[in-house]
Amino acid sequence: MAHEAQTEPATDSGRLPPIKYLVVSYPAIALVTLFAVPLLLLFVFSFFRNISGGYLRYVVTAENYVRFLQEPLYLDRLVFSLRIAAVTTLGSLVLGYPLAYRLATTDSSLLRRAVMVLVVSSLWLTFIIRGYAWAVLLRSNGLFPILAAELGLTDAPVSLVPGYWALVVSMVYVFLPFMVLTLYTSIKNVDHELREAARNLGAGPITTFRHVTLPLTKDGIISGSLLVFVLSMGVYVLPRILGNPPQWTLAVVIGNQVTVESNVPFGATLSIILMLVVVALIAVTVRLAGVDTFGVSATEEGEQG
Amino acid sequence: MKVPDNTKISQNRRGFLKYTSVAGAGALTALSGCVGGFSGDGTASSLTVSSFGGAFKEILEAELYEPFEEETGISIESQAQGGTAEIIPRIRSAVENGNAPVDVLTVPVPGVLRGLNSDLWMTHEESEFENLEFISDDLMKYDDDGNLVGIGSQAWLINLVHNTEETDNGPTSWTSLWDSTYEDQMAMMTPPVTGYMPDIAAAIHFDGADSLQSESDIRDVFEKLSEVTPQAQMWYTNEANFQSSLENGETPMGMLYNDITLVLQDQGAPVESTFVDEGSVLGSGRWVSPRTSENGTAITQFIDYASRPAVQDRVSRNLYTVPTIEEQHSELDAETYQRVAGPGLDSAIVPNFDMYVERQEFINQLWNELIIDS
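Before going into details, it helps to say that this report is about the structure given with it.

The rules we used
Residues numbered from 1 in each chain as written. Chains lettered and ligands numbered in written order. Predicted model: local features only at pLDDT ≥ 70, side-chain atom pairs only at ≥ 80, totals over all residues. Heavy atoms only, no water. Axes fitted to C-alpha atoms, helices over the stretch in contact; angles between N-to-C directions. Helix = DSSP H or I, 4+ residues; strand = E, 2+ residues; numbered from the N terminus. Parallel < 35°, antiparallel > 145°, perpendicular 65-115°, else oblique. Left-handed = near helix turned anticlockwise from the far one by under 90°. Contact = heavy atoms within 4.5 Å. Nonpolar A, V, L, I, M, F, W, Y, C, P; charged D, E, K, R; others polar. Buried < 20%, exposed > 50% of the residue type's maximum accessible area, 1.4 Å probe, protein only. Arc of directions from axis to C-beta. Salt bridge = Lys/Arg side-chain N within 4 Å of Asp/Glu carboxyl O. Pairing = 2+ DSSP bridges. Buried area = accessible area lost by both parts, 1.4 Å probe. Polar contact = N/O pair within 3.5 Å; in protein donor to acceptor, adjacent residues only side chain to side chain.

The next thing to look at is the packing of helix α2 (residues 55-72) of chain B against helix α11 (residues 309-319) of chain B. Residue and element names in this part refer to chain B. Contact geometry of α2 with α11 gives a least axis separation of 10 Å together with a crossing angle of 150 degrees. With respect to α11, the element α2 is oriented roughly antiparallel. Considering how the two elements wind past one another, α2 and α11 form a crossing that is right-handed. Each of Ala55, Phe56, Ile59, Leu60, Glu63, Leu64 and Pro67 in α2 lies in contact with α11, whose residues at this interface are Val311, Arg314, Val315, Asn318 and Leu319. Grouping the constituent residues of the contact of α2 with α11 by class yields nine nonpolar, one polar and two charged.

Structure follows, in structure tokens:
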């Protein structure tokens, strides 16, 4: 094969044949076609003017961005989205870390596989089905409100749907697998002999965790948290199923701009702003934490670490 | 009289529409420019007709399209269509390219107005029709030049409904929306162009449509409307969400289409629909055609057939929508007419459709502030 390759000469000028350029440039073409062009269109549309009751006018205007800044409603939705994404991330981390730790450190491959399948299998269902499942479980005649009443936590079964906590619970459930899988890899990569060494030197389990495991899984915690946070910022289906308008995220408002209000330019503007905020948050986190996250590192040391 | 057999049909008509909208819109796009048989003189051998999905589509196929096919020999390809915000841009795109993804659509009034603003619709000569005289004048739509563009297809009423196991006497007046007795008990519709709550507020607390003429007046109406939010336990876009909550009593009352409530009743749900004292809210659809369709003659035949009193009555008996013909032309018995139309179209609150289209951005901004801050 190598011989065949050698017998295929480059062109006289030493350049590759055109077909090989196509093969080599495929990733770039895919990136440009699937990401850069739509993003550019979104950006361009955000400067067009919406015509009430009609379509849009192809004039360059910044009025959509001005509207975002002038109307408190949209900033309020952005802040709400940030808040609920933070709560979801925290919930996922608190629930996901012990689970990932147990999976990564267990000697039972059967248990590990079983729990992994259980965690991953929830991803096979669409958001809509999982959202409606939680709507059933959290209604006053659903499992959890009845359980809460039986345990004496409430006087009677209280419906949580639609409402803030229904949304939080469902979001943590939906994004927990992403946290667990990220943390599992990180914890699994920690040399278990380091933990044993700490214990041999007299450190208890908590001290070992605090001074050995936790620092060595910092990258995993930040990566998993950023992943869940970014995904939570874009959540659209769950607030519509499990929330009332006060629980609508900016993504829902964007969806409404396009599908209900036919205001594509303003929807594009809100999308661009949401994206910029998310990118800025990732950049700041990476910079402050100095960790290798999503393959993006802040420092050379980060890349090596 | 034929007994309605709606128990076989999805209980969620417009809700189904939402979920089929993507598929429907995709089908529309795929069919763009390849609408069926055409003889070259406007007399098509087939027509593509789209309507709301779910029960709407099923019943129209059985009670309208099939009899039309038998009588004329023109076959109908039936499609489910998405909501106005989805279908209008696609029709616009097709028309700009000289295509016609469908020949005839039934579109709610705001969609007709948006299409008019973009010059999407075919105009008709009234003299080409034999049955337009039966259609209520209020349900015909003309362009600014007086040309006929839309003919009433179906009408529907938004009523107050309640779960009969949760409460014996449900609310009968729109004033209940402002009544703290019902705090955190009611389901209300969103967006404004669906539930027309600004029109309800204007009718109950102001001078009706006259109070929705200027931005200042509209702000006053919305300020009054903000007082309904404590009563809202649920704001719904998809009827399915409220239907299930209503049936199990979780949300014991609220606003809902009369036709959907009657279907729920047929299925044994403990629900009651009440025609509101001050008038239920009247929504309606129009048959319209993209101006690029080349099947004008067959389109006229189809709409004319659909406008026959007997056909309108037949559809209403099965779909529970209000016939678009004048009441005196309907042969529905008094009980059936009362069930689907209550005191009739004249008693209903007719929304200020123009406002929702011409001031779309302004209205939606106020509305979003109202319900999100609630």
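Residue and element names in this part refer to chain B. Regarding helix α7 (residues 215-225), the residues found buried are Ile218, Val221, Phe222 and Leu225. Within α7, the buried residues cover an arc of 100 degrees as seen down the axis, which keeps them to one side. Tucked inside the fold, the buried residues of α7 contact α6 (197-205), α13 (353-358) and α14 (360-372).

The next subject is the pattern of salt bridges. Residues and elements named next belong to chain B. One pass over the full model with this rule turns up ten salt bridges over all chains. Asp266 is paired through a salt bridge with Arg339; the nearest N and O atoms lie 3.5 Å apart. Placement of Asp266 in helix α9 (residues 258-266) and of Arg339 in helix α12 (residues 334-341) is noted, with a sequence separation of 73 residues between them.

In this section: the side chain of Ser92(A). All names here are of chain A. Relative to the helices and strands, Ser92 is located in helix α4 (residues 72-105). A relative accessible area of 0% places Ser92 in the buried class. If we ignore the near neighbours within four places in the chain, the residues touching Ser92 are Tyr97, Val172, Phe175, Leu176, Met179 and Val228.

With that settled, the discussion passes to the pairing of strand β3 (residues 104-108) of chain B. Residues and elements named next belong to chain B. Across the five residues of β3, five count as buried, placing the element largely inside the fold. Neither face of β3 is exposed, since Val104, Thr106 and Pro108 on one face and Leu105 and Val107 on the opposite face are all buried. The pairing of β3 with strand β10 (residues 281-288) spans four bridges and is antiparallel. In the sheet register, Thr106 faces β10, and the bridge partner there is Trp287.

Another point: the interface of chain A and chain B. Each partner contributes to the interface: chain A provides 31 residues, whereas chain B provides 27 residues. Together chain A and chain B conceal approximately 2,600 Å² of surface at their shared face, both sides included; 45% is due to carbon and sulfur atoms. Contact with chain B buries area across many residues of chain A, yet Gly53(A), Leu73(A) and Glu261(A) alone supply 20% of it, more than any other trio. Our enumeration of links across chain A and chain B arrives at one salt bridge. Residue Glu361(B) pairs with Arg67(A) through a salt bridge whose shortest N-O separation is 3.4 Å. The interface formed by chain A and chain B includes 15 residue pairs in polar contact (both at pLDDT 80 or more). The set of elements that each furnish at least two residues to the side of chain A that touches chain B consists of α4 and α13 (250-259) of chain A. Here the residues of the side of chain A that touches chain B sort into twelve nonpolar, twelve polar and seven charged.

Residues and elements named next belong to chain B. With respect to burial, strand β8 (residues 253-257) is a largely interior element, five of its five residues being buried. The pairing of strand β5 (residues 148-163) with β8 spans five bridges and is classified as antiparallel. Each residue of the ladder has a partner; that of Ile158, found in β8, is Tyr257. Note that strand β6 (residues 186-189) and β8 share two bridges and pair parallel. The partner of Ala187 across the bridge, within β8, is Gly254.

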